[in-house]
Amino acid sequence: MNNIENILMCPNSHENLKIENSEVRSTDNKYCYKIEDGIYRFLNEIKSSETENVKKFYMEDPFPNYNSFDNLETFIEKMKNNSFINSISKILKPGDRVLEFGCGTGQLGNYLAANGHSEIFSADLTINSLKLGNEFTKKNNIKGINFFECDVFKPCFKNESFDLIICSGVLHHTIDPKKGFNNLLKMLKKNGLVIIGLYNSISRLKNSSIKYLSKIIGDKAFYLFDKVYRAKDSAARNSWVKDQYDHPLEKRYFFKDLHNWFDESNIEFINSIPSYNNRLPFEKSVSKGDKIDQFNIQLIDLIENDEGGLFTFLGKKN
Ligand SMILES: C[S@@+](CC[C@H](N)C(=O)[O-])C[C@H]1O[C@@H](n2cnc3c(N)ncnc32)[C@H](O)[C@@H]1O
């Protein structure tokens, strides 16, 4: 990994940072942050009580959970079969610098690094999630990934530092998703790619129905109607149920909302999951749909989506 120092910035003063042993200092000497067990700890205070609640939520149940029997081989095999992760592998070029903001336990980053991508930056608000990711990295001797405890509203990376930024399942759990999105774009290089995953207002209605049913028939509702729940082992089921049905802060969006965000920030829409043209893979450019296409795609997704109503856009910074 190239010199990390060159792309770090003080989240408080925006000064350059200097790495000294197990500390990172701002060049004006006003701020100092710890590096603990290899994790850069940039979060010294959270001002918003809502963000504090979200952090507390994930501190108790880091998401997603590593399977207790995962070794590197079974982990890679499992991740390889995930179509979203597969699509990301296809977008990446050798030497690309990748940031995942809201990485949770860093499974995506660990997978990419284990497959030879050596510039992976995994950042999250929740230290317990980062510790799980970091433990897996060390246990399996994975190189090329670093973990950062950091808030998307107080980023620790300089502008225009990354070729690809991924932020999936995160912004809808924050106090100001659009501001978080704009912060991510600042860190993206010109011509860089951005992947954003948000809960969809229509396809997440399935989740609301299951949640409602669970109040009447209990956990049977998850077993009967939630395919992802059924496929997990008991520890992973627990963290899935909490994340999906018991979250303290959740917002939902339509396709048109994310199209507007992209248009307003001059991000060229490339493709989405679900896609307007299902025959073309995620990395191929498709034209964006009109209102009727948008309605149809979200309605079909309500029926077909088993991943909690998450939809994903890929775009390019012009
Ligand atoms: C549902 S998990 C998604 C994890 C991962 N992206 C995935 O798809 O498996 C949401 C993550 O967003 C993180 N998060 C929430 N608010 C954040 C913020 N303001 N800054 C950075 N991370 C945040 C949480 O700590 C949590 O790990």
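Residues numbered from 1 in each chain as written. Predicted model: local features only at pLDDT ≥ 70, side-chain atom pairs only at ≥ 80, totals over all residues.

Let us look at the site of the ligand. Around the ligand there are 22 residues in total, and G102, G104, L125, T126 and V152 lie nearest to it. Considering only residue class, the shell around the ligand consists of 10 nonpolar, nine polar and three charged. (Near = placed C-beta within 6 Å. Nonpolar A, V, L, I, M, F, W, Y, C, P; charged D, E, K, R; others polar.)

Structurally, the protein comprises domain 1 (38-199) and domain 2 (205-245). On a C-alpha basis, the centroid separation for the pair domain 1 and domain 2 is 25 Å. Taken together, the six residues of domain 1 in the interface contact seven residues of domain 2. Here the side of domain 1 that touches domain 2 is composed, by residue class, of two nonpolar, three polar and one charged. (Domains from an automatic or database assignment. Contact = placed C-beta atoms within 7 Å.)

Here we have 11 strands laid out as an open sheet, ordered 1-2-3-4-7-6-5-8-9-11-10, and mixed in their pairing. Looking at the sheet topology across the chains shown, the edges are occupied by strand 1 (17-20) and strand 10 (267-273). The mean inter-strand angle of the sheet, taken between neighbouring strand axes irrespective of direction, is 20°. Pairing between strand 6 (residues 120-124) and strand 7 (residues 145-149): five bridges, direction parallel. Among the inter-strand pairings, A123 is bridged to a residue of strand 7, identified as F148. Along the sheet, helix 5 (residues 127-139) makes contact with strand 4 (39-41), strand 6 and strand 7, crossing strand 7 at roughly 165°. (Pairing = 2+ DSSP bridges. Helix = DSSP H or I, 4+ residues; strand = E, 2+ residues; numbered from the N terminus. Axes fitted to C-alpha atoms, helices over the stretch in contact; angles between N-to-C directions.)

Before going further, it helps to examine the packing of helix 2 (residues 72-80) against helix 4 (residues 107-114). Two elements in contact, helix 2 and helix 4, have axes whose closest approach is 10 Å; the angle formed by their N-to-C orientations is 105°. By the angle between their directions, the pair helix 2 and helix 4 is classed as roughly perpendicular. Of the residues in helix 4, those touching helix 2 at L72, I76 and M79 are Q107, Y111 and A114. Classifying every residue of the contact of helix 2 with helix 4 gives five nonpolar, one polar and no charged. (Parallel < 35°, antiparallel > 145°, perpendicular 65-115°, else oblique.)

It is worth spelling out helix 11 (residues 255-264) at this point. For helix 11, every residue scored as buried is listed here: F255, L258, W261 and F262. Seen end-on, helix 11 carries its buried residues on one side only, within an arc spanning 125°. In helix 11, the exposed positions that point more than 90 degrees away from the buried face belong to D263 and E264. On its buried face, helix 11 sits against helix 6 (177-187), strand 9 (188-199), strand 10, helix 12 (291-304) and strand 11 (310-317). Immediately downstream of helix 11, the backbone of N266 shows phi near 55°, a positive value. (Buried ≥ 20, exposed ≤ 12 C-beta atoms within 10 Å, placed from the backbone. Arc of directions from axis to C-beta.)

Side chains V98 and E100 of strand 5 (residues 98-101) all project onto a buried face; the interleaved residues L99 and F101 project onto the opposite face, where all are buried too. Of the strand pairs in this sheet, strand 5 and strand 6 are connected by four bridges, and their pairing is parallel. By the bridge assignment, V98 is partnered in strand 6 with I120. Handedness of the β-α-β unit built from strand 5, helix 4 and strand 6 comes out right-handed. The pairing of strand 5 with strand 8 (residues 162-168) spans three bridges and is parallel. Considered in strand 8, the bridge of E100 is made with I166. (Right-handed = clockwise from strand over helix to strand, strands pointing away.)

On to the nonpolar core, then. Of all hydrophobic cores here, the largest spans 61 residues; its most connected members are L99, I165, L184, V194 and I196. Of all the elements, strand 9 adds the most residues to this core, at seven residues. The contact partners of L184, leaving out residues within four places of it in the chain, are F101, I165, C167 and V194. (Core = buried A, V, L, I, M, F, W, Y, C linked by C-beta atoms within 7 Å.)

Another aspect to go through is the environment of S87. As for its position among the elements, S87 is in helix 3 (residues 83-91). Judged by the 17 C-beta atoms lying within 10 Å of it, S87 falls in the partly exposed class. Distance in space between the C-alpha atoms of S87 and F269 is 16 Å, their sequence separation being 182 residues. Leave out the neighbours within four places in its chain, and S87 touches P281, F282 and E283.

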